[in-house]
Amino acid sequence: MEMTSLSSQLNKSVKRQFMSLPQGDRCQVTYVWVDGTGEGLRSKTRTLHKEPMTIQDIPEWNFDGSSTYQAEGSNSDMYLIPVAMFRDPFTLDPNKLVLCEVLKYNRLPAETNHRARCRKIMEQVKGEAIWFGMEQEYTLCGTDGHPFGWPKNGYPKPQGPYYCGVGADCAYGRDIVECHYKACLYAGVSIYGTNAEVMPSQWEFQIGPCEGLDMGDHLWMARFLLHRVSEEFGVVSTFDPKPMKGNWNGAGCHTNVSTLSMRREGGLKFIEEAIEKLAKRHDKHIALYDPNGGQDNQRRLTGQHETSSISDFSTGVANRAASIRIPRHVGQEKMGYFEDRRPAANCDPYSVTMILAETMLIDPEEQDKEYDFEKEYM
């Protein structure tokens, strides 16, 4: 028997009775933000007296940062700054989900507010209309941390039949996957698709293509929706890059990248130039491709299980064991995009897209300059 949460076993028909009650002109707005771990999400809800039409209609709010690893108890108030609004698939229209940036007491960005730096970089490179598509892998687990559907005292049959698999012996937890897909479509998240992955109980959804800063906004909201859907089923979704030791695939967040120059005829030249620049900053990228400075990716990027080695930079056409993969059709058409296969499943998409844009498109002398947040925020 799977270990599922007690709340998932409550009588849901009683909940539906109350959820169908009218709410008049008032609107529930759920504020969502990234906590001090750099990968956890938090949320809380308030009432507005009418439905907000734009993000400007949603007021700033605050929260206790000492309870989210973001502040000391003696000075714990943090600011929530609404930045992106979505429809709420759990409480339905006119209610909203709102992604927020977090500012400290002095109104400077919190340490895990990587959106602030990303926004600055994307503004500098907006002329290249840079597109991203991120392939988010994740693993479904019981509340005991054991992969969903796996035998309690053993292992399922070896990897092979699970990738894009069909059938009760191959696909574990499809209900969660399909409900999450529908929730993303309803919310307005730019979800591209989904599939079962190589390890049983592991799945993937793709977000994009999104331009610039939108990539991080939509991926973070898609992650929130996944956690909430999984909660309804009493199951846990984890973005751990290597949830199971041994001969099992890890979980990444492969990132597809395309600039305006790459999408035009002869764009392969610009793809190759970008890859040369990426090779020179491999260590810098690795440090930003998981929330723990590369330590999480050390467990995943071993050179096995369709990964490159964390120590070496490599590239190749249609090579899923390379750091950077050029899709075969891109090599043939001489234009398009490339795939960075290094980001871990628990990466911050703002950090990943920011460093990619900076490495490819910012003058090397301007890279890594300290950004004056005080000038922008105060």
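It should be emphasised that the depicted structure is a prediction, and the values quoted were computed from it without experimental measurement.

*Asks:* Tell me what's going on with the side chain of Glu-358, and back it up with residues and numbers.
*Replies:* Examined against the element boundaries, Glu-358 turns out to sit in helix α10 (residues 349-361). A relative accessible area of 2% means that Glu-358 is categorised as buried. For Glu-358, the side chain forms a polar contact with the side chain of Arg-117, separated by 3.0 Å.

*Asks:* Report on the packing of aromatic side chains, specifying residues and quantitative values.
*Replies:* Taken as a whole and assessed by the stated rule, the structure comprises eight aromatic pairs. A ring pair is formed by Tyr-138 and Phe-239, whose centres lie 6.5 Å apart and whose planes are at 70 degrees; its orientation type is edge-to-face. Placement of Tyr-138 in strand β6 (residues 131-141) and of Phe-239 in the loop between β9 (236-238) and β10 (253-258) is noted, with a sequence separation of 101 residues between them. In terms of burial, Tyr-138 and Phe-239 fall into one category: buried. Considering the side-chain rings of Tyr-162 and Tyr-172, the 6.3 Å spacing of their centres and the 65 degrees angle between planes classify their relative orientation as edge-to-face. Placement of the pair is Tyr-162 in the loop between β6 and α3 (174-187) and Tyr-172 in the loop between β6 and α3, with a sequence separation of 10 residues. By the burial criterion, Tyr-162 is buried, and Tyr-172 matches it. Lying over the aromatic face of Trp-61, Lys-44 brings its terminal NZ or CZ to 4.1 Å of the ring centre. Between Arg-107 and the ring centre of Tyr-79, over which it is positioned, the NZ or CZ distance is 4.7 Å.

*Asks:* For the layout of surface pockets, give the residues involved together with the corresponding values.
*Replies:* Counted as a void, the largest pocket has a volume near 730 Å³. Glu-135, Glu-204, Gln-206, Asn-256 and Glu-339 are, among the 36 residues lining the largest pocket, the residues nearest its centre. Elements with a minimum of two residues in the lining of the largest pocket: β6, β7 (191-196), β8 (202-211) and β10. Broken down by class, the residue content of the lining of the largest pocket amounts to 11 nonpolar, 14 polar and 11 charged.

*Asks:* I'd like to hear about the pattern of salt bridges, residue by residue, with values.
*Replies:* According to the stated counting rule, one finds 22 salt bridges in the structure shown. Two residues, Asp-35 and Arg-42, come together in a salt bridge whose shortest N-O distance is 3.0 Å. The buried category is assigned to Asp-35, whose relative accessible area is 4%. Judged by relative accessible area, which is 25%, Arg-42 ranks as partly exposed. Between Glu-358 and Arg-281 there is a salt bridge whose closest N-O contact spans 3.1 Å. Of this pair, Glu-358 sits in helix α10 while Arg-281 sits in the loop between α6 (268-280) and α7 (282-288), and the two are 77 residues apart along the sequence.

*Asks:* Would you mind going over the sheet that holds strand β1 (residues 27-34) in detail, with residue names and values included?
*Replies:* Strand order in the open sheet formed by five strands is β2-β1-β5-β4-β3, with mixed pairing between adjacent strands. Only two strands of the sheet have a single partner each, and these edge strands are β2 (41-48) and β3 (61-64). Across the sheet, the mean angle separating the axes of adjacent strands is 40 degrees when strand polarity is ignored. With four bridges joining them, β1 and strand β5 (residues 96-103) adopt parallel strand pairing. Bridge pairing in β5 links Val-32 to Leu-99. Where helix α4 (residues 214-233) meets the sheet, it contacts β1, β2, β4 (77-87) and β5, and its direction lies at approximately 120 degrees from that of β5.

*Asks:* I'd like to hear about the environment of Val-98, residue by residue, with values.
*Replies:* Looking at the element boundaries, Val-98 is found in strand β5. You can call Val-98 buried: its relative accessible area is 0%. Look past the residues within four positions of Val-98 in its chain and what remains in contact with it is Val-29, Thr-30, Tyr-31, Val-32, Ile-55, Ile-58, Pro-82, Val-83, Ala-84, Met-85 and Met-221.

*Asks:* Which residues make up the nonpolar core, and what values go with them?
*Replies:* Soluble, globular proteins show a tendency: their nonpolar side chains are buried together. With 74 residues, the main nonpolar core has Val-189, Ile-207 and Phe-338 as its most contacted residues. The contact partners of Ile-207, leaving out residues within four places of it in the chain, are Phe-132, Gly-133, Met-134, Val-189, Ser-190, Ile-191, Tyr-192, Met-215, His-218, Leu-219 and Ala-222. Within the second largest apolar cluster, 14 residues are counted, among which are Val-29, Leu-48, Ile-58 and Val-102.

*Asks:* Please give an account of α3 that cites residues and values.
*Replies:* A rise of 1.5 Å per residue sets the reference length of α3, with its 14 residues, at 20 Å; its end C-alpha atoms lie 20 Å apart and thus fit the reference within 8%. Here α3 has its buried residues at Ile-176, Val-177, His-180, Ala-183, Cys-184 and Ala-187. For α3, the angular spread of buried residues about the axis comes to 125 degrees, placing them on one side. Facing away from the buried side of α3 by more than 90 degrees, the exposed set consists of Asp-175 and Lys-182. Where α3 is buried, its residues contact β4, β6, β7, β8 and α4.

*Asks:* Please give an account of α4 that cites residues and values.
*Replies:* Its 20 residues place the ends of α4 29 Å apart at the C-alpha level, agreeing with the 28 Å of an ideal helix rising 1.5 Å per residue. In terms of burial, α4 is largely enclosed, as 15 of its 20 residues are buried. Residue Gly-234 follows α4 closely and has a positive phi angle near 75 degrees.

*Asks:* I'd like to hear about the side chain of Thr-259, residue by residue, with values.
*Replies:* With respect to the element layout, Thr-259 can be found in the loop between β10 and α5 (260-263). When its relative accessible area of 3% is taken as the criterion, Thr-259 is described as buried. Excluding residues within four positions of it along the chain, Thr-259 makes contact with Glu-128, Ile-130, Met-360 and Leu-361.

Criteria and thresholds
Residues numbered from 1 in each chain as written. Predicted model: local features only at pLDDT ≥ 70, side-chain atom pairs only at ≥ 80, totals over all residues. Heavy atoms only, no water. Helix = DSSP H or I, 4+ residues; strand = E, 2+ residues; numbered from the N terminus. Buried < 20%, exposed > 50% of the residue type's maximum accessible area, 1.4 Å probe, protein only. Polar contact = N/O pair within 3.5 Å; in protein donor to acceptor, adjacent residues only side chain to side chain. Phe/Tyr/Trp six-rings, centres within 6.5 Å; stacked < 30°, edge-to-face > 60°. Lys NZ or Arg CZ within 6 Å of the ring centre and 35° of its normal. 1 Å grid on protein atoms, 1.4 Å probe; cavity = no way out; pocket = protein on both sides within 12 Å on 5 of 7 lines; lining within 4 Å. Points joined across faces, edges and corners; volume = space filled by probe spheres on them. Nonpolar A, V, L, I, M, F, W, Y, C, P; charged D, E, K, R; others polar. Salt bridge = Lys/Arg side-chain N within 4 Å of Asp/Glu carboxyl O. Pairing = 2+ DSSP bridges. Axes fitted to C-alpha atoms, helices over the stretch in contact; angles between N-to-C directions. Contact = heavy atoms within 4.5 Å. Core = buried A, V, L, I, M, F, W, Y, C linked by side-chain atoms within 4.5 Å. Expected span 1.5 Å × (residues − 1). Arc of directions from axis to C-beta.

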